[in-house]
Amino acid sequence: MFNLLSLEYKKFRKNSVVSLLSLFYVLFLPAGMILIKDFKPESLGPGSMFIPGPETYYSFPAVWQYVGYAGNWMVFFFLGVVVIYLICAEVNYKTQRQTMINGMPRATYFLSKFLAIAAISFFATIYYAIVCAGIGMYFTDDWDFAFIFENEWAIPRYFLMSFAYLSFAGLLAILLKKAGLAIFIYMTYAIIVEPLLKVGLKFKDWAIGDYANYMPLNAIEDLMPNPFFLIDVPMADKMDIVLSYSHASITTIIATGLFIAWGWFVFMKRDL
Amino acid sequence: MIKAVNNLSLTIEAGQIYGILGPNGSGKTTTLGMITGVLKPDSGSFLWFEGKETHPLKKIGTILETPNFFPYLNADENLEIVRHIKGSENKDFDRILELVNLKERRRSKFASYSLGMKQRLAIAATLIGEPQALIYDEPTNGLDPQGIADVRDTLKSVADSGKTVILASHMLDEVEKICTHVAIIKNGNLLATGSVGSILSADKSIEIAAGEDKAPLENWLKSNPSIKSINHDGFFFQCTVDEDFNIAEMSKALSQLNIYPTHIVERKQKLEEEFLQITSKA
């Protein structure tokens, strides 16, 4: 396993695209929190009494939710593109084909890419935990280690979210081979197609509309949802905006399994 | 449906330098793609090293069509990736970089290399891990004369080292010089195979010209049953003749007809001529 990860590292450690996007993730994850430092809920007008101010975002346990939601976007944008690049660049350089010619079995090559995805998810999660712990400890007056980790399994949820997003990106890269096309479909499906489908199904009043939240990208997003959707007001329950963590986790695990299986099936069968 | 390769059966023994010849689109690269695992054949099978190796491709160095490396890495870094994949312990690339004459540029990025240097790095990569066999598919494609000469010298060194080599090439002169065996394929079908000596017929070639007396010379050549084929290029006629064809007797017969050749060259049939004859018949 470490042998394959070491090979991936040798391939991309000097790649400027991968380095730059990884740096963006590292910079923008805490930067997102700094940007909302001066946010005043009362500026939103009526109903703002439900919305917490920055003093809440930076303290335990809410900091896990807020940084998690920022990470939701950062992982999707920056690290998703990194994964698409890791796979499509090798198709473009024909090094994928050469790797097989040099004797690496297809299954091992496929495994190396998904191990890389797991490793990126792991380090993204470690960094998320460090950022949350750092901000939380600085801004929370009275904390102890037990209190820090009262976060409804936020760390494993963040890992699962990252691994699922990146597996989806990996699947599209394997299917489409061209980085530009894969990034376009990745963004378009997650930001436009699935949300529109979800809203459409909900408003059509079909029985299937009850399950609209179980669409894969929506379930992944609900692992680290917009914290404002979690505010304890009756409206949120009524609108059924987000899945529970357990439902989101199970749906995400099933969807991720399908992404990997689909990618495997296509990759093992086709000519290179 | 077009069959790129059809009913092709070859056996290559250890130590042979095996040339695969064929016109463009004849199925050479497809064949090599199948035996290196990048193309999935609809049917048929192949066996490397009599099935004794678990990962046979790690024991084979291959260039298929183009040199494929990471453009932002230098020669050492790219070779290290190949070494890692092949699981070789030897991290010393000095000898192979010297062999392909790239030692001076080993720290330059692959993207900055000329096509000839890229091809030579690809040859260097095929030598990592002490391979038992080497596969080179059109290793001089797209190279300038200097690049062709460099790659040709490197190939000769590799061939002299006693390794099994499979060479798909249009360089028929070089194939003839380097290879011990050849297979000629066209439209995916095997037309001829065997040692280079057995493929080359005992026939000879003569090249003859008679200046302005071109028409009578051509008539005489056409009427002579010992002459098997005639191609003419300007004043020159290239003829394939029997092994026992006698030039002195031909000169005597021509002089009796007042035809005086200004140029006569006799030589053994070349692989190129044999190749053209075999592929034109198919």
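Residues numbered from 1 in each chain as written. Chains lettered and ligands numbered in written order. Predicted model: local features only at pLDDT ≥ 70, side-chain atom pairs only at ≥ 80, totals over all residues.

1. Here we look at the sheet that holds strand S3 (residues 133–137) of chain B
Residues and elements named next belong to chain B. The mixed open sheet is built from 6 strands, whose spatial order is S2-S3-S4-S1-S5-S6. On the outer flanks of this sheet lie strand S2 (60–63) and strand S6 (189–195), each paired with one strand and no other. Strand after strand, the sheet turns through a mean of 10 degrees between neighbouring axes, direction not considered. Bridge count for strand S5 (residues 181–186) against S6 is 6 bridges, and the pairing is antiparallel. Residue Val 182 lies in a different strand from S6, and its bridge partner there is Gly 194. The sheet contacts of helix H4 (residues 115–126) involve S2 and S3, and relative to S2 the element is tilted by about 165 degrees. (Pairing = 2+ DSSP bridges. Helix = DSSP H or I, 4+ residues; strand = E, 2+ residues; numbered from the N terminus. Axes fitted to C-alpha atoms, helices over the stretch in contact; angles between N-to-C directions. Contact = placed C-beta atoms within 7 Å.)

2. So, helix H2 (residues 75–86) of chain B
Its 12 residues give H2 of chain B an end-to-end C-alpha distance of 16 Å, which sits within 8% of 16 Å, the value for a rise of 1.5 Å per residue. Among all positions of H2 of chain B, only Ala 75, Asn 78, Leu 79, Ile 81, Val 82, Arg 83, Ile 85 and Lys 86 of chain B are buried. For H2 of chain B, the secondary structure elements touched by its buried residues are helix H1 (2–12) and helix H5 (95–101) of chain A together with helix H3 (94–99) and H4 of chain B. (Expected span 1.5 Å × (residues − 1). Buried ≥ 20, exposed ≤ 12 C-beta atoms within 10 Å, placed from the backbone.)

3. Quick notes on the pairing of strand S1 (residues 17–21) of chain B
Residues and elements named next belong to chain B. Among the 5 residues of S1, 5 are classified as buried, and the element is accordingly described as predominantly covered. Residues Ile 17, Gly 19 and Leu 21 point to one face of S1 and Tyr 18 and Ile 20 to the other, with burial holding for every one of them. Pairing of S1 with strand S4 (residues 164–168), which is carried by 4 bridges, proceeds in the parallel orientation. Bridge assignment links Gly 19 to a residue of S4, and that residue is Leu 167.

4. A short note on the domain arrangement of chain B
Residues and elements named next belong to chain B. What the domain assignment lists for chain B is domain 1 (17–197) and domain 2 (204–281). Computed over C-alpha atoms, the centres of domain 1 and domain 2 are 39 Å apart. In this assembly, 11 residues from domain 1 lie in contact with 6 residues from domain 2. Of all the elements in the fold, those that place two or more residues in the side of domain 1 that touches domain 2 are helix H6 (172–178), S5 and S6. A breakdown of the residues in the side of domain 1 that touches domain 2 according to their chemical character gives 8 nonpolar, no polar and 3 charged. (Domains from an automatic or database assignment. Nonpolar A, V, L, I, M, F, W, Y, C, P; charged D, E, K, R; others polar.)

5. Describing the pairing of S3 of chain B
Residues in a regular strand point their side chains to alternate faces of the sheet. All names here are of chain B. The element S3 is extensively covered by neighbouring structure, given that 5 of its 5 residues are classed as buried. On S3, burial covers both faces: Ala 133, Ile 135 and Asp 137 on one face and Leu 134 and Tyr 136 on the other are all buried. Judged from the 4 bridges that link them, S2 and S3 form a sheet pairing that is parallel. Residue pairing across strands places Ile 60 opposite Ala 133, the latter belonging to S3. Bridge count for S3 against S4 is 5 bridges, and the pairing is parallel. If you follow Ile 135 over to S4, its bridge partner there is Ile 166. Tracing the backbone out of S3, into helix H5 (residues 145–160) and back to the parallel element S4 gives a crossover that is right-handed. (Right-handed = clockwise from strand over helix to strand, strands pointing away.)

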